[in-house]
Amino acid sequence: MSDLVTTIGLEIHCELATSTKMFCGCAVGFGGEPNTRVCQVCLGHPGTLPVPNEQAVAYAIKIAVALGCGIAPSSIFHRKNYFYPDMPKNYQISQYDIPLGLKGVLEVTTDAGTRAVGITRVHLEEDTGKSLHMGSGGRIHDATYSLEDFNRAGTPLVEIVTEPDMTSPEEGRAFAQELRSILEYLEVSDVRLEEGSMRFDANISVAPPGERGAKVEVKNLNSLKSLHRALAYEEVRQREVLGGGGAIDQSTRHWDERSGVTRPLRTKEHAFDYRYFPEPDLVPIKPSPEWLEAITSGIPELPPARRRRFIADYGLTPYDANVLVASRAAADYFEDAAAAAAGIEPKQVANWLANDLLGRLSERGEDLETTRVTPQALGALVGLVAGGSISGAQGKVVLDEMMVSGRPPAEIVEEKGLKQVSGRSELKAVVAGVLAANSDVVDRIRGGDAKPQGFLVGQIMKATKGQANPAVVQELLKEMLQG
Amino acid sequence: MSPARPLWTSTATELIALLRSGELSATDLTRSLLDRIEEVEGDVRAFITLTPEVALAKAKAVDDARARGEDPGPIAGVPVAVKDIIATRGVRTTAGSKILHNYVPPYSATVADRLEAAGLPMLGKTNLDEFAMGSSTENSAWVPTHNPWDLDRVPGGSSGGSAAAVAAGEAPWSIGTDTGGSIRQPASLSGVVGLKPTYGLVSRSGLIAFASSLDQAGPFARTVADVALLLGVMAGHDPRDATSLPNPVPDYSAGLAGGVKGLRIGVVSQLMGEGVQSGVRTRIEESIALLTKLGAEVGEVSLPTFDLGIDVYYLIAPAEASANLARFDGVRYGLRVDAEDIVKMNSRTRAEGFGAEVKRRIMLGTYALSAGYYDAYYGKAQKVRTLIIRDFARAYENYDVLLSPTSPTTAFGIGEKTQDPLTMYLSDVCTVPTSLAGATAISIPCGVAPEDGLPVGLQLMGKALDEATILRAAYALEQELGPMPHPLLWGEPS
Amino acid sequence: MSISREEVVHVARLARLALTEEEIALYGEQLGRILGHADRVTSLDTEGVPPTAQAIALANVFRPDVLNEPAPCLSQREALANGPAVEAGHFRVPRILEDGDPSGEEVAEE
Ligand SMILES: [Mg+2]
Ligand SMILES: [Zn+2]
């Protein structure tokens, strides 16, 4: 059954980083005492009316433009009707047949190559509250009752729907990662702050080429990791069912994070009838050309373009460019550090940033926004190493110190008396002394045994207290052993 | 004014003069109205909740301000009654429904805030058809309101309590809401003046929604001048309502006496047809003659889509209502009927909390929106709504104001139409077209029908935001008609 | 025209109304009559006529992204004050059915 084809489409809900909710003046935020960021509007009290948050609309338009969508000249809100106790009005204000953005595209790259994934639509809606299920270890099944907290109710959400253009769980994950990067670049969502600020629903079907498989919708994917795991699980499950001669039903399944499996939720015959109709409490959104221009001009260079530029202008490998560009903070940091290390190969700055600084930061639970090491300081450090003033090993010691004190690298080098001896005449005397003291070893090497050369380097470094430039030492050893 | 005449018979304009001259205190006025309520409320049942403490506290604040030499505002001190579908912070607000029997809003409607800011003591919350769904106030979960002209008859609805309170002398003016005629029809049946403002002129914030694209709050009073004054207080832009119009509010009182000379008035032939009671027709025709005498250019205009108004309305309004009323689920406020799971709890709470008419309209609206029926019912109704608006626009090419009876009949008997919802719905036939067009209309009393002695209401319909013109025409007619008979409840004329 | 029992039950389920058998029969008949009366509307040719959802011509009405605009938040006590059942700062509700879909048996009740 290896000739089966997997088809994946995604629906992503992303919380927007506005100060206040979509339709009222309550603060948006995580955690806190239950039902303390609520008002009559987001509690759905009788007589209350929604008034849309201008910033949320601007953010959604920004996202739609960044994803290459056309912006509707006049889009409207609809009511989506269904009962759920965490939904105060028992309808969700959402968009339906005329969303803010339509028909975009986002390219994603995996080991299998690059694929253009169509964006069906981008629209605005409001989030629900949260239910706490009691008497069952927090799970909805077997709960004896639930508790409702409406702090999240009314948080602005942007919903992004893709075409079913992805063909593997890896592409699904890559798409989600790329989207997350873009949202971070746009500064419209705290995508890294908390699990759940980006939530995924996935449609996945498996079928022989050219045939249409039954669509299975997988819900409750609250992180990139669960998205990938659930897609991988579901792909295997469907292949096994089909391989065993079975059939897949069009259905909705729930991802169980703990046990790592999907479970059937309901079949489509129980599908909701949402009775969408135009929201009479709201008026159309008709973005003026000036407003669109103001929003669009605030869009920075986005990951795909930046990645291409990092490879072309800085000579980075696609891998390094990918790692740095994935996070706007890392890419900005890199560019600042590279500028500070003028004349140095940017590749070296990229290595120090990606391998040394980021690694150390994640070990310490810090990040580029909180670190005391400025990009200029990292650039200076890379300059010291590349210029031969200190060795790479010394550089790492200096970096450790910079992370703690935030002092400039030159000052630390000075204080610790770190320097690298690169002068040929100065080192020639040391090398000569070491060779003289170890004539037996020298004889063995001259006799064709290359192994003890490392021993000689060690002796030279020891004699110079680690300050000898290893490259110069190698060069001198080679010359003098031949002589 | 004759000293023998009780205070409660005075118009708001007369009371304002007494208050401003210092001859009368707001507290004494409020007390005297509370006495009048005490006297007749047992018969009328205009109120769901009386708020004497709230009213007296506000009256005292107004009096204290005047005593300090401050101006509490041009109309301060004249008490008002407010329909119980308008949220009032700290004062129980039921919308006439058992499902909100214990609901105390944590906020006030913008309209309520404006009455408060204008210094109007609130006497209480008036009775209505549950969630404003009805034309007789019999659909209240509490008690039916009785028409002060004949206690065996309905005051009209849904704002029957507000209309009856003004007719009975319990309040000089009051606030109602109008979705398809709920101010104008009870004004007509109770013999008072009532105005439905242009959609968006008065904030809907805090008005418990029935049909969001149609609902508007508006004033009741015994004279056109009083209605103009109260409208001025209610109208104006509100940032809490996204459908609130930004237009500046004109001074509605200023142009009242402008007369109707040269005003082009179109009598809508579709609303003068067979279903109109003969005495109603007689009074309307007399008024048309008076308007002509005053110099208006009156003609007849045919608006064919007006016949469809009722059917369009009874598809659109219940559809919107079905969503608006979904929030009454027993979770956050109001009635809850306990059950073992959420679906049963929701379904039983709603079954027990809503009355028959509300359930019927929720069913109707849900059906009209449901999969497979949307295009045939709700979608179709929206398109015919467009045709009705176009008919209005065509008529306004030749006329400034349109005229019709407000209701095809005078007040009907309590219980007379409750068994047949369709017959009840048809009593809104004259009022719904304006609602669907989002325009404005006023109902003023134009005498009593000879056959039953009950008041007849005349409706003047205006273009959107042209309240000033219909008020001016209504005022001219009112002056020309002269004093009206009073309801039975007023006792023998002194 | 009359609405079938099955349709009435379906609609009541969507609307979360526990109807009695009597009500099911009554609403089936009444809805049928009201919709029948609306035949004049539903049978009208509206080819090319745009729908009107709103009778006003406003667009782009927004609020600024400013805390407590245009209305302030409530305290937890105020938020819960009308709650029929409250526990630990939350609104308490009975067991939520997993798929959130109304169970079929619920509609008709004594
Ligand atoms: Mg959504
Ligand atoms: Zn809020």
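Structure's up top.
Attention in this report is confined to the structure presented alongside it. Everything numeric here is computed off the predicted structure, so don't read it as measured data.

Parameters and conventions
Residues numbered from 1 in each chain as written. Chains lettered and ligands numbered in written order. Predicted model: local features only at pLDDT ≥ 70, side-chain atom pairs only at ≥ 80, totals over all residues. Heavy atoms only, no water. Pairing = 2+ DSSP bridges. Helix = DSSP H or I, 4+ residues; strand = E, 2+ residues; numbered from the N terminus. Contact = heavy atoms within 4.5 Å. Axes fitted to C-alpha atoms, helices over the stretch in contact; angles between N-to-C directions. Buried area = accessible area lost by both parts, 1.4 Å probe. Salt bridge = Lys/Arg side-chain N within 4 Å of Asp/Glu carboxyl O. Polar contact = N/O pair within 3.5 Å; in protein donor to acceptor, adjacent residues only side chain to side chain. Nonpolar A, V, L, I, M, F, W, Y, C, P; charged D, E, K, R; others polar. Parallel < 35°, antiparallel > 145°, perpendicular 65-115°, else oblique. Left-handed = near helix turned anticlockwise from the far one by under 90°. Buried < 20%, exposed > 50% of the residue type's maximum accessible area, 1.4 Å probe, protein only. Arc of directions from axis to C-beta.

## Quick look at the sheet that holds strand β4 (residues 91-94) of chain A
Sheet strands associate in pairs through backbone hydrogen bonding, adopting either a parallel or an antiparallel arrangement.
No. 1: Taken together, the 3 strands give an open sheet; going across it, the order is β4-β3-β14 (chain A), and neighbouring strands pair in antiparallel fashion. Both outer strands of the open sheet, β4 and β14 (277-278) of chain A, are each paired with one neighbouring strand and no more.
No. 2: In this structure, strand β3 (residues 78-81) of chain A lies alongside β14 of chain A, joined through 2 bridges in antiparallel fashion. Along β14 of chain A, the bridge assignment pairs H78 of chain A with P278 of chain A.
No. 3: Across the face of the sheet, helix α9 (residues 309-324) of chain B comes into contact with β3, β4 and β14 of chain A while running at roughly 60 degrees to β3 of chain A.

## Description of the interface of chain C and chain B
How big an interface is tends to be stated in terms of accessible area lost as the parts join.
No. 1: Every contact between the two is made by 56 residues of chain C and, on the other side, 69 residues of chain B.
No. 2: Regarding the contact of chain C and chain B, the summed buried area is about 5,600 Å², with carbon and sulfur atoms giving 66% of it.
No. 3: One salt bridge connects D420 of chain B with R33 of chain C, and the closest N-O pair in it is separated by 3.0 Å.
No. 4: Counting across the interface, chain C meets chain B through 22 residue pairs in polar contact (both at pLDDT 80 or more).
No. 5: Contributing elements (two or more residues each) for the side of chain C that touches chain B: α1 (5-14), α2 (21-37), α3 (39-42) and β2 (90-94) of chain C.
No. 6: By residue number, the principal contributor to the side of chain C that touches chain B is α2 of chain C, which donates 8 residues.
No. 7: Tallied by class, residues from the side of chain C that touches chain B come to 36 nonpolar, 9 polar and 11 charged.

## Here's the deal with the packing of helix α7 (residues 328-340) of chain A against helix α8 (residues 346-364) of chain A
All names here are of chain A.
No. 1: Two elements in contact, α7 and α8, have axes separated by 9 Å at closest approach and are oriented at 135 degrees. When the interaxial angle is binned, α7 and α8 end up oblique. Considering only the axes of α7 and α8, their crossing is right-handed. Taking contact as the criterion, the partners of A330, Y333, F334, A337 and A338 in α7 are, on α8, P346, V349, A350, L353 and L357.

## Side note on helix α6 (residues 318-325) of chain A
Residues and elements named next belong to chain A.
No. 1: For α6, the complete set of buried residues consists of D320, A321, L324 and V325. The buried residues of α6 occupy one face: seen down the axis, they fall within an arc of 120 degrees. In α6, the exposed positions angled more than 90 degrees off the buried face are occupied by P318 and Y319.
No. 2: Each element contacted by the buried residues of α6 is listed here: α2 (169-186), α5 (303-314), α7 and α8.

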